[in-house]
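Observations on the model geometry
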Amino acid sequence: GVHRQVLLTTVGWFVGYFLTKRMEYVHAKLDRELFEYVRQHPEDFKKAEKKRIGQLLETFYPVR
């Protein structure tokens, strides 16, 4: 009946809530480890030279 639907909805909400919190924790932990690695090894992650927008886009040829 209705009480079973309310119970399953509540259980589903709590499971989803805790799974989301766990996923955010795992991603935050991974981000922290990766940023720490990048900070400790700057020679592996050199800054790329800046390009102008004309160097990024292809030449435009209008089609008639």
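Summary of the structure given here. Quick caveat, the model's predicted, so the values are computed rather than measured.

Some words on the overall build of the protein
Assigned secondary structure in the protein consists of 2 helices and 0 strands. A globule of 64 residues ought to have a C-alpha radius of gyration of about 11 Å, yet the protein, at 25 Å, is considerably larger. With respect to the principal axes defined by its C-alpha atoms, the protein has extents near 65 × 50 × 10 Å. A total of 64 residues make up the protein; the buried ones form 0% of that total. Of the accessible surface of the protein, which amounts to about 7100 Å², a share of 62% is contributed by carbon and sulfur atoms.

Details of the pattern of salt bridges
Applying the stated criterion across every chain yields a total of 1 salt bridge. Among the salt bridges present, the one from Glu36 reaches Arg39, with a minimum N-O distance of 2.6 Å. Pair noted here: Glu36 and Arg39 are both in helix α1 (residues 2-40), with a separation of 3 residues, about one helical turn. Residue classification places Arg39 among the exposed residues on the basis of a relative accessible area of 58%.

Observations concerning the packing of aromatic side chains
Summed over all chains, the structure comprises 4 aromatic pairs. Each ring, one from Tyr17 and one from Phe18, has its centre 5.2 Å from the other, and the planes form 80°; the classification is edge-to-face. Ring plane angle 90° and centroid distance 6.1 Å describe the contact between Tyr37 and Phe45, whose orientation is recorded as edge-to-face. On the basis of relative accessibility, which here comes to 41%, the residue Phe45 falls in the partly exposed class. An aromatic cluster is built from Trp13, Phe14, Tyr17 and Phe18, whose rings are joined through pairwise contacts.

Parameters at a glance
Residues numbered from 1 in each chain as written. Predicted model: local features only at pLDDT ≥ 70, side-chain atom pairs only at ≥ 80, totals over all residues. Heavy atoms only, no water. Helix = DSSP H or I, 4+ residues; strand = E, 2+ residues; numbered from the N terminus. Rg over C-alpha atoms; globule rule 2.2 N^0.38 Å. Buried < 20%, exposed > 50% of the residue type's maximum accessible area, 1.4 Å probe, protein only. Areas by Shrake-Rupley, 256 points an atom, 1.4 Å probe, with all protein chains shown as cover. Salt bridge = Lys/Arg side-chain N within 4 Å of Asp/Glu carboxyl O. Phe/Tyr/Trp six-rings, centres within 6.5 Å; stacked < 30°, edge-to-face > 60°.

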